[in-house]
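Each chain is listed here by its residues.
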Amino acid sequence: KAGVTQTPRYLIKTRGQQVTLSCSPISGHRSVSWYQQTPGQGLQFLFEYFSETQRNKGNFPGRFSGRQFSNSRSEMNVSTLELGDSALYLCASSFLQETQYFGPGTRLLVL
Amino acid sequence: DQQVKQNSPSLSVQEGRISILNCDYTNSMFDYFLWYKKYPAEGPTFLISISSIKDKNEDGRFTVFLNKSAKHLSLHIVPSQPGDSAVYFCAASSSGSARQLTFGSGTQLTVLP
């Protein structure tokens, strides 16, 4: 079974721009969660989607948003990029219980 | 307020010996715990998990122990291999928000040949 895939793997943007990241979960998984990893804050939860509905949200500003499609694929959007948004963005999918399986991540650099 | 803490940023162990990685938590609502292994610029790889109804779970060379009264868990790797060198993250979740993982800051394990 294919794992979680994320595109693109690397991205360079400038301040003020917006960015959209994509995640395809493991086949059959309906829950998709997003995390941000930075050297200063570590791994932090952004939000979780299940059956196209956001069920849970972390402590991030409204510039961070997401959505999930009927095939469980998910996208994450960050508007008005700031330098501090430079991070590794990770997507994870799960089927039952709490075990989440992570994708390889998208490395975003904001200049 | 760090709800999941890994107080040792790094650990070095000789190949073939036991590696013990520790994790403490403060939120008594946490009832499911996981360990992930991570290489730089890659996503975390799931290793092993444990529910709060258990105090031990084994999977091959990996064993996780949970001490609920002390709010402490540990990951034992026996025997340690050079390929185990990576950053290990402890994570926790509660039934109320099952898919929101709270991570520790990680421990860099180096297994010396």
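Figured I'd write up the structure that's included with this text. Note that this is a predicted model, so its numbers are computed, not measured.

Cut-offs and rules
One numbering rule holds for all chains: residues counted from 1, following each sequence as written. Whichever chain is written first is A, and whichever ligand is written first is 1; the rest continue in order. Totals for whole chains, interfaces and linings use every residue, but because this is a predicted model, local features are given only for residues with pLDDT of at least 70 and side-chain atom pairs only at 80 or more, for both listing and counting. Only hydrogens and water are removed before side-chain values are computed, so all heavy atoms of the structure are retained for them. A pair of strands is considered paired only if DSSP assigns at least 2 bridges between the two. Helix and strand assignments come from DSSP, with helices taken as H or I runs of at least 4 residues and strands as E runs of at least 2, each series counted from the N terminus. Polar contacts here mean pairs of N or O atoms no more than 3.5 Å apart (in protein, one a potential hydrogen donor and the other a potential acceptor; neighbouring residues in sequence count only if both atoms are side-chain atoms). Note on contacts: a residue pair qualifies if any of its non-hydrogen atoms lie within 4.5 Å across the two residues. Each residue's exposure class comes from its accessible area (1.4 Å probe, protein chains only) as a fraction of the maximum for that residue type: buried when under 20%, exposed when over 50%, partly exposed otherwise.

1. Considering the sheet that holds strand S7 (residues 62-67) of chain B
Residue and element names in this part refer to chain B.
Stage number 1. Spatially, the five strands line up as an open sheet ordered S1-S3-S8-S7-S6, and their pairing is antiparallel. Two strands bound the open sheet, and with one partner strand each, they are strand S1 (4-5) and strand S6 (56-59).
Stage number 2. Bridge count for strand S3 (residues 19-25) against strand S8 (residues 72-77) is six bridges, and the pairing is antiparallel. When the bridges of S8 are listed, Ile20 appears paired with His76.

2. Re the side chain of Thr106 of chain A
Residue and element names in this part refer to chain A.
Stage number 1. Mapped onto the elements, Thr106 comes out in strand S11 (residues 106-110).
Stage number 2. At 2.5 Å, the side chain of Thr106 and the backbone oxygen of Pro8 are in polar contact.
Stage number 3. Apart from residues lying up to four places away in sequence, Thr106 is in contact with Gln6, Thr7, Pro8, Arg9, Leu21, Ala87, Leu88 and Tyr89.

3. Remarks on the pairing of strand S9 (residues 87-94) of chain A
Residue and element names in this part refer to chain A.
Stage number 1. Counting buried residues in S9 gives eight out of eight residues, a clear majority hidden from the surface.
Stage number 2. Side chains Ala87, Tyr89, Cys91 and Ser93 project from S9 onto one buried face, and the interleaved Leu88, Leu90, Ala92 and Ser94 project onto a second face that is buried too.
Stage number 3. Where strand S4 (residues 31-38) meets S9, seven bridges bridge the pair, whose relative direction is antiparallel. Directly across from Gln36, in S9, lies its bridge partner Tyr89.

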